[in-house]
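The residues making up each chain are set out below.
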Protein chains: 2
Amino acid sequence: MEYKEAKDKFISTWGVLGSHWGINKAMAQIHALLWVSPEPLSVEEIMEELKISRGNTSMNIRQLMDWGIVYKETKAGERKEYFASEKDVQELARQVAKERSRREIKPVLKVLKEVSNIDNDGTDETKELKKQTASLYELASTMDSMLDKLIAQEKNWFTKMLMKFVK
Amino acid sequence: MEYKEAKDKFISTWGVLGSHWGINKAMAQIHALLWVSPEPLSVEEIMEELKISRGNTSMNIRQLMDWGIVYKETKAGERKEYFASEKDVQELARQVAKERSRREIKPVLKVLKEVSNIDNDGTDETKELKKQTASLYELASTMDSMLDKLIAQEKNWFTKMLMKFVK
DNA sequence: TTAAACTTTCAGTAATTATTGAAAGTTTAA
DNA sequence: TTAAACTTTCAATAATTACTGAAAGTTTAA
């Protein structure tokens, strides 16, 4: 496999993975492109490489910056903006964990807590609702605590921890 | 909050969470409904409760069965089929982990391995592509090994493991 | 200032994904 | 058998989501 083919395969696969995980294709592909690019890229270059419009590029770069995994860079003496991705895989994992926890897990935990704490009126339905949402609450909060730990720790903590269990 | 309100809130929240994670709303909501239902439900009952069509109900129940988290049950002397969800939260987590690993992580690992192993032609671009896809490969395979462990273990392993890190 | 070089926004449109509902298929009791 | 009771399929349609491109906005150098 040649460079170009391999790169395109990676970008395309990353796009597909993203869409399975609720991240739009363009956003995932821009990230993939920057992830493997040795130099920061301009909007023009990204548009050109991925064959997407200026608007689409601009909006998705912004989202990647909101997620904290893409940065704006300027080259001395140039007006144009360039974009580069966070290159450290641990840091990438930390940021993604942090954002998904904040945006998705935390709000669900809140609902699970509320629902599992409704008054017990003694019916089977209510008992089951309380029991089942409480058990999901436990699972989700355990997982979320783990993510919080991960987010708070230094870079290598995650891999170190995983290694204990994998080896 | 009353029973009905709490239940609807849970079902709706589960639907939203699903769509953030690439699972369609109807599928997530049917799962939520069965998860908190003390008794198995018929297709009619599910349609009625969630206000969705027969076809939609049927197709999504089938997917839930493919995922291994919903079962068909028959009541003695009745022709109609009833459906019940796996009620154990650990088992639910195991099944979801198993399916997502199989459907999404494994194929991505395959691509990452291929791409990171292309010939090094000495250019910066190729070096960066190899380096960055290799580091993703490491992360993803570490995580996947963890999932495999989880999938293979007895029910409590997951929580036990997590507890070590959370406490 | 101003105008060139660039970025962002957003209404309109395209593409994708989910849903319906009726027809086809299946099972079972009589 | 057969026909009633049920389930599944799938073409048509609706709903959602993503994308485009031109206009508006911003920044900077002269």
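Residues numbered from 1 in each chain as written. Chains lettered and ligands numbered in written order. Predicted model: local features only at pLDDT ≥ 70, side-chain atom pairs only at ≥ 80, totals over all residues.

Quick word on the nonpolar core
In this structure, F10, I30, A32, L33 and L34 of chain B are the most contacted members of the largest nonpolar core, which totals 31 residues. For this core, the secondary-structure elements that each account for two or more residues are α5 (89–116) and α6 (124–152) of chain A together with α1 (3–20), α2 (25–35), α4 (54–66) and α5 (89–116) of chain B. Once residues lying within four places of it in the same chain are set aside, the contact partners of L34 of chain B are L41, V70, F83, A84 and S85 of chain B. By size, the runner-up hydrophobic cluster in this structure holds 30 residues, among which are A32, L33, W35 and V70 of chain A. (Core = buried A, V, L, I, M, F, W, Y, C linked by C-beta atoms within 7 Å. Buried ≥ 20, exposed ≤ 12 C-beta atoms within 10 Å, placed from the backbone. Helix = DSSP H or I, 4+ residues; strand = E, 2+ residues; numbered from the N terminus. Contact = placed C-beta atoms within 7 Å.)

Here's the deal with the protein's contact with DNA strand C
In the vicinity of DNA strand C, 19 residues are found, and the nearest of them are G55 of chain A together with N24, A26, S53 and G55 of chain B. Where the surface near DNA strand C is concerned, the elements lending two or more residues are α4 (54–66) of chain A together with α2 and α4 of chain B. No other element matches the five residues that α4 of chain A contributes to the surface near DNA strand C. Per-class residue counts for the surface near DNA strand C are four nonpolar, seven polar and eight charged. (Near = placed C-beta within 6 Å. Nonpolar A, V, L, I, M, F, W, Y, C, P; charged D, E, K, R; others polar.)

Re the relation of the copies chain A and chain B
Note that the two copies of the chain are related through a rotation about an axis and a translation along the same axis. It takes a turn of 180° to lay chain A on chain B, together with a shift of 0.0 Å along the axis; the resulting RMSD is 0.0 Å. Both copies are brought into coincidence by an operation consistent with a two-fold rotation axis. Interface overlap between copies: 100% of the residues of chain A at the interface are likewise at the interface in chain B, consistent with a symmetric, same-surface contact. (Least-squares fit on C-alpha atoms with pLDDT ≥ 70 in both.)

With respect to the pairing of strand β2 (residues 70–74) of chain A
Residue and element names in this part refer to chain A. Where β2 lies against strand β3 (residues 81–85), five bridges are found, and the strand directions are antiparallel. Looking at β3, one finds that V70 is bridged to S85. Where β2 hands over to β3, the hairpin turn is made up of six residues, of which G77 adopts a positive phi near 75°. (Pairing = 2+ DSSP bridges.)

Let's talk about the domain arrangement of chain A
The domain boundaries assigned to chain A delineate domain 1 (3–85) and domain 2 (89–166). Distance from the C-alpha centre of domain 1 of chain A to the C-alpha centre of domain 2 of chain A: 30 Å. (Domains from an automatic or database assignment.)

Considerations on unusual backbone geometry
For K51 of chain A, which is not glycine, the phi dihedral falls at a positive 55°. Turning to its location among the elements, K51 of chain A is positioned in the loop between α3 (43–50) and α4.

A short note on the interface of chain A and chain B
Of the residues lining the interface, 43 residues belong to chain A; the matching set on chain B comes to 43 residues. Those elements that place two or more of their residues in the side of chain A that touches chain B are α1 (3–20), α5, α6 and α7 (157–166) of chain A. Looking at side-chain class alone, the side of chain A that touches chain B contains 23 nonpolar, eleven polar and nine charged residues.

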